[in-house]
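# Structure assessment
For reference, the chains in residue letters:
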Number of protein chains: 2
Amino acid sequence: MKIVCLDLEGVLVPEIWIAFAQKTGIEFFKKTTRDEPDYDVLMKERIDELKKHSLRLNDIQNVINTIEPLPGAVEFVRNVREKYPLIILSDTFTEFALPLMKKLSLPTLFCNSLLTDSDGFVKSHVMRIDNGKKKAVDCFHQLNYKVFAAGDSYNDLQMIRNADYGALFCPPDNIIKENPDLRIARDYDKLFEYINDGE
Amino acid sequence: MKIVCLDLEGVLVPEIWIAFAQKTGIEFFKKTTRDEPDYDVLMKERIDELKKHSLRLNDIQNVINTIEPLPGAVEFVRNVREKYPLIILSDTFTEFALPLMKKLSLPTLFCNSLLTDSDGFVKSHVMRIDNGKKKAVDCFHQLNYKVFAAGDSYNDLQMIRNADYGALFCPPDNIIKENPDLRIARDYDKLFEYINDGE
């Protein structure tokens, strides 16, 4: 029996912070871990910047609500869920993802979360666990599932390599170059074909 | 961070075999593990009976498709999924559950599966793992989730007792009598209140 694990941003929805920067016009939010490799530092800066612009969690969700899943993602996610249990494994935050998850008909998402203060401002972020994507695959193995995993980034590689089957989805060139042994899907039809492999 | 684990039959949808017996008028399918305690023997008998009535998997799914989730279950499941990851832990079979899962907007289901022959008849059942409900709770603990679990039957007790929070949902009298320490929810409002406890 097979379970499917998919990364969220870049696979089913756009990169949320980048899209958020574009929607709000606030250049700062384009900063990623490529500019600030320490994720904790980066998140603290983002939270300060949100406060500077008086953006409460609710405002952020309203902006994110105007972002759409990637073209074809809604149908793809439905097709996967009609055949397999699907778990989305992401480093994002439940509260940011919610507007997009609603548009995907609320698939199950394992990620992190945010704390807000009494005024509704984001106070801090809570990382649930280190290396959560890889550990989730370990758990599904314990439950006697064959795991299929796909993602597009560095933080997906351990998950994909720990799975029984996997693929990169629309990865950037550096990921392709450094992982020549991994299969690549450039559209949902191909990804669904890989998911169904071996049946 | 919290994850919610719910039993399926008796909690979100009717007991599938009982409803199937009522829909088809085939009395045999009312037989449960109370009549035949060996689940493997019972399933083999059911599969023989399906064949006797020329019921292919597709016919069975068409019959099950006329069964509805319990009143209020669709809204309840949506409310839970907007706040928490939800995993439905069941001993049923993916293929039987599918028509009902579609009506619940395809929540994630961990269960067992069926093998069909080339004519589309059910050939055998495949149990994924022993004690899968309890083991799933163990896994979610490993992923640093607080687990809420609810169910109505004997096969839910270990899951509920292994979870951080839990409740029985509309349980029969014998389960209540033998588990006087467990909380009882008799409707979805109460169950949702228990799920939100401690927040």
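Data block above holds the structure.
I will try to describe carefully the structure that is included in this document. Model, not experiment: these values are computed from the prediction.

Okay, unusual backbone geometry next. Positive phi, normally seen in glycine, also occurs at Leu106(A), with a value near 55°. Among the secondary structure elements, Leu106(A) is positioned in the loop between helix 5 (94-103) and strand 3 (108-116). If you check the backbone angles, Cys170(B) has positive phi at about 40° while not being a glycine. Here Cys170(B) shows up in the loop between strand 6 (165-169) and helix 8 (173-178).

This part is about the relation of the copies chain B and chain A. Superposition of chain B onto chain A requires a rotation of 180° combined with a translation of 0.0 Å along the rotation axis, giving an RMSD of 0.0 Å. These values place the two chain copies in the arrangement generated by a two-fold rotation axis. Nearest to the rotation axis, the C-alpha of Cys139(B) is located 2.7 Å from it, this being the minimum over chain B. When the interface residues of chain B are mapped onto chain A, 100% of them again lie at the interface, so the same face is used by both copies.

With that settled, consider the packing of aromatic side chains. The full count for this structure, using the stated rule, is 24 aromatic pairs over all chains. Between Phe20(A) and Phe29(A), the ring centres sit 5.2 Å apart and the planes meet at 65°, which makes this aromatic pair edge-to-face. On the basis of relative accessible area, Phe29(A) is assigned to the buried category, the value being 0%. A centroid spacing of 5.5 Å and a plane angle of 25° characterise the contact between Trp17(B) and Phe29(B), whose relative ring orientation is stacked. You can see Trp17(B) sitting in helix 1 (residues 16-24) and its partner Phe29(B) sitting in the loop between helix 1 and helix 2 (39-52), a full 12 residues away along the chain. Site record: aromatic cluster; members linked through ring pairs are Trp17(A), Phe20(A), Phe28(A), Phe29(A), Phe93(A) and Phe96(A). Seen from the ring of Tyr165(B), Lys2(B) lies directly overhead, with NZ or CZ sitting 4.7 Å from the centre. One cation-aromatic arrangement involves Arg183(B) over Tyr194(B); the distance from NZ or CZ to the ring centre is 4.2 Å.

At the interface, 31 residues of chain B touch 31 residues of chain A. Buried area between chain B and chain A, both sides added, is near 2,500 Å², and the carbon and sulfur share of it is 66%. Of all residues in chain B, the largest losses of buried area upon contact with chain A belong to Met1(B), Arg128(B) and Leu143(B), amounting jointly to 27% of the total for that side. Between the two partners, chain B and chain A, sit 0 salt bridges. Remark: the boundary between chain B and chain A carries 14 residue pairs in polar contact (both at pLDDT 80 or more).

All names here are of chain B. Contact geometry for helix 4 (residues 73-83) and helix 9 (residues 188-196): axes closest at 11 Å, N-to-C directions at 10°. Compared by their axis directions, helix 4 and helix 9 come out roughly parallel. Crossing of helix 4 over helix 9 shows right-handed handedness. For the pair helix 4 and helix 9, contact is made by Ala-73, Phe-76, Asn-79, Val-80 and Lys-83 and by Tyr-188, Leu-191, Phe-192, Ile-195 and Asn-196, respectively. Taken together, the residues that form the contact of helix 4 with helix 9 break down as 7 nonpolar, 2 polar and 1 charged.

Residue and element names in this part refer to chain B. The element strand 1 (residues 2-6) is extensively covered by neighbouring structure, given that 5 of its 5 residues are classed as buried. Burial along strand 1 is two-sided: the residues Lys-2, Val-4 and Leu-6 and Ile-3 and Cys-5 are all buried. Of the strand pairs in this sheet, strand 1 and strand 5 (residues 146-151) are connected by 5 bridges, and their pairing is parallel. Residue pairing for strand 5: Ile-3 is matched across the bridge by Val-147. For strand 1 and strand 2 (residues 86-93), the ladder comprises 3 bridges, and the chain directions are parallel. Its bridge partner being in strand 2, Cys-5 is matched across the sheet by Ile-87.

Taken in spatial order, the 7 strands of this open sheet run 4-3-2-1-5-6-7 (chain A), and their pairing is mixed. Each having just a single partner strand, strand 4 (122-126) and strand 7 (184-185) of chain A make up the two edges of the open sheet.

All names here are of chain A. Tallied over the full model, the rule gives 22 salt bridges over all chains. Where Glu-49 meets Lys-52, a salt bridge forms, and the shortest distance between an N and an O atom there is 3.5 Å. Taken together, the positions of Glu-49 and Lys-52, both in helix 2 (residues 39-52) and 3 residues apart, correspond to about one turn of that helix. Residue Glu-49 is classed as buried on the basis of its relative accessible area, which comes to 11%. The partner of Lys-134 in a salt bridge is Asp-138, and the shortest N-O contact between them spans 3.5 Å. One end of the pair, Lys-134, and the other, Asp-138, are both in helix 6 (residues 132-142), 4 residues apart, so they sit about a helical turn from each other.

Conventions we followed
- Residues numbered from 1 in each chain as written.
- Chains lettered and ligands numbered in written order.
- Predicted model: local features only at pLDDT ≥ 70, side-chain atom pairs only at ≥ 80, totals over all residues.
- Heavy atoms only, no water.
- Helix = DSSP H or I, 4+ residues; strand = E, 2+ residues; numbered from the N terminus.
- Least-squares fit on C-alpha atoms with pLDDT ≥ 70 in both.
- Contact = heavy atoms within 4.5 Å.
- Phe/Tyr/Trp six-rings, centres within 6.5 Å; stacked < 30°, edge-to-face > 60°.
- Buried < 20%, exposed > 50% of the residue type's maximum accessible area, 1.4 Å probe, protein only.
- Lys NZ or Arg CZ within 6 Å of the ring centre and 35° of its normal.
- Buried area = accessible area lost by both parts, 1.4 Å probe.
- Salt bridge = Lys/Arg side-chain N within 4 Å of Asp/Glu carboxyl O.
- Polar contact = N/O pair within 3.5 Å; in protein donor to acceptor, adjacent residues only side chain to side chain.
- Axes fitted to C-alpha atoms, helices over the stretch in contact; angles between N-to-C directions.
- Parallel < 35°, antiparallel > 145°, perpendicular 65-115°, else oblique.
- Left-handed = near helix turned anticlockwise from the far one by under 90°.
- Nonpolar A, V, L, I, M, F, W, Y, C, P; charged D, E, K, R; others polar.
- Pairing = 2+ DSSP bridges.

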